[in-house]
Amino acid sequence: TIDKKEFAAQGLVPMSLVAEREALYRTRPELKVIEAEIEVQKNELKAGENSLLPKADITLRSSRDVGGVTGDNLNGTEHLALLNISIPLQQRLGEGRAAKARAKLRALDHEQRLVRDQITQQLQFLENDLLAAERNIDWSSKEVTVANKMQRSEEKLFANGGSDYFLLNLRE
């Protein structure tokens, strides 16, 4: 007979697939690919939104004249600060880039949910198959037990003269 504990120790009985689903999701390559694409689209969205913002560039320069080849001896320090502000007037490109990234993010979210649902369905099928296999083993184990009892009783009947080969063949 097959012991259930021995069967479970071999890892053939689902212990708790539901509790381990998140860990299984993290190991699936198709979800990793989708997550990587989601990160790319998030960066695209940030870039598109960033292109809509005004830009400010500050430049600081400092120089000191110590004289030149002409013999002029210029002494002095010059400091220069430049502030360059640019405001994007035509924002279609940035808005379009951000809208495209948002749409791709929505599509990737739906694709990710679809793949998770497919994985969940596959896991449920596997769990059902394992439970059915466990039930079949139980039934087979019970059938073996009953067959052994019948064999012992037939051997007893045969040994006591209550049966012969002809009756044994008829009962089979």
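Source: prediction; values computed, not measured.

(A) Broad picture of the overall build of the protein chain. The helix and strand inventory of the protein chain stands at 5 helices and 2 strands. Tracing the protein chain from N to C terminus, the helices and strands come up as α-α-α-β-β-α-α. Split into buried and exposed, the 172 residues of the protein chain put 16% on the buried side. Across the protein chain, every contact between residues at least 6 apart in sequence was considered, and the portion connecting residues at least 24 apart equals 69%. Only carbon and sulfur atoms are counted for the fraction: they give 56% of the accessible area of the protein chain, which is about 13,800 Å².

(B) Representation of helix α3 (residues 29–50). Relative to the 32 Å expected for 22 residues at 1.5 Å per residue, α3 spans 31 Å between its end C-alpha atoms, a close match to the ideal helical length. Among all positions in α3, only Leu31, Ile34, Ile38, Gln41, Leu45 and Gly48 are buried. One side of α3 carries all its buried residues, which in axial view fall inside an arc of 90 degrees. Relative to its buried face, α3 has exposed residues pointing more than 90 degrees away, namely Pro29, Val33 and Lys46. Buried residues in α3 make contact with α2 (21–27) and α4 (92–159).

(C) Spatial organisation of the pattern of salt bridges. As enumerated under the stated definition, the model contains 5 salt bridges in all. One salt bridge connects Lys42 with Glu39, and the closest N-O pair in it is separated by 3.9 Å. One end of the pair is Lys42 and the other is Glu39, both in helix α3 and 3 residues apart, which spans about a single turn. Arg97 is the partner of Glu44 in a salt bridge, and the nearest nitrogen-oxygen pair spans 3.3 Å. Remark: Arg97 occurs in helix α4 and Glu44 occurs in helix α3; sequence separation between them is 53 residues. Given a relative accessible area of 31%, Glu44 falls into the partly exposed group.

(D) Local environment of the nonpolar core. Tyr25, Leu31, Ile34, Ile38, Leu45, Ala98, Ala101, Leu105, Leu108, Val115, Ile119 and Leu123 together form the largest nonpolar core, which totals 12 residues. Taken together, the elements giving at least two residues each to this core come down to α3 and α4. For this core, the element with the highest residue contribution is α4, accounting for 7 residues. Not counting residues up to four positions away in its chain, the partners in contact with Leu105 are Ile38, Gln41, Lys42 and Leu45.

(E) Region of interest: the packing of α3 against α4. Close contact between α3 and α4 brings their axes to 8 Å; oriented N to C, the two are set at 165 degrees. Judged on the interaxial angle alone, α4 and α3 are roughly antiparallel. In the packing of α3 onto α4, the handedness of the crossing is left-handed. Residue composition of the contact of α3 with α4, grouped by class: 11 nonpolar, 4 polar and 11 charged.

(F) Quick peek at the environment of Gly94. For Gly94, the location among the structural elements is in helix α4. Sequence spacing of Gly94 and Leu45 is 49 residues, and the spatial spacing of their C-alpha atoms is 9.3 Å. Residue contacts for Gly94: discarding those within four places in its chain leaves Gly48, Ser51 and Leu52.

(G) Looking closely at the environment of Glu37. With respect to the helices and strands, Glu37 occurs in helix α3. On the accessibility criterion, Glu37 (31% relative accessible area) is partly exposed. For the pair Glu37 and Lys104, spaced 67 residues apart in sequence, the C-alpha to C-alpha distance is 9.2 Å.

(H) Molecular detail of the environment of Ile38. Inspection of the secondary structure assignment puts Ile38 in helix α3. Since its relative accessible area comes to 12%, Ile38 is described here as buried. For the pair formed by Ile38 and Ala101, sequence separation is 63 residues and the distance between their alpha carbons is 9.4 Å. Here Ile38 is in contact with Leu105, Leu108 and Gln112, once residues within four sequence places are set aside.

The rules behind the values
- Residues numbered from 1 in each chain as written.
- Predicted model: local features only at pLDDT ≥ 70, side-chain atom pairs only at ≥ 80, totals over all residues.
- Heavy atoms only, no water.
- Helix = DSSP H or I, 4+ residues; strand = E, 2+ residues; numbered from the N terminus.
- Buried < 20%, exposed > 50% of the residue type's maximum accessible area, 1.4 Å probe, protein only.
- Contact = heavy atoms within 4.5 Å.
- Areas by Shrake-Rupley, 256 points an atom, 1.4 Å probe, with all protein chains shown as cover.
- Expected span 1.5 Å × (residues − 1).
- Arc of directions from axis to C-beta.
- Salt bridge = Lys/Arg side-chain N within 4 Å of Asp/Glu carboxyl O.
- Core = buried A, V, L, I, M, F, W, Y, C linked by side-chain atoms within 4.5 Å.
- Axes fitted to C-alpha atoms, helices over the stretch in contact; angles between N-to-C directions.
- Parallel < 35°, antiparallel > 145°, perpendicular 65-115°, else oblique.
- Left-handed = near helix turned anticlockwise from the far one by under 90°.
- Nonpolar A, V, L, I, M, F, W, Y, C, P; charged D, E, K, R; others polar.

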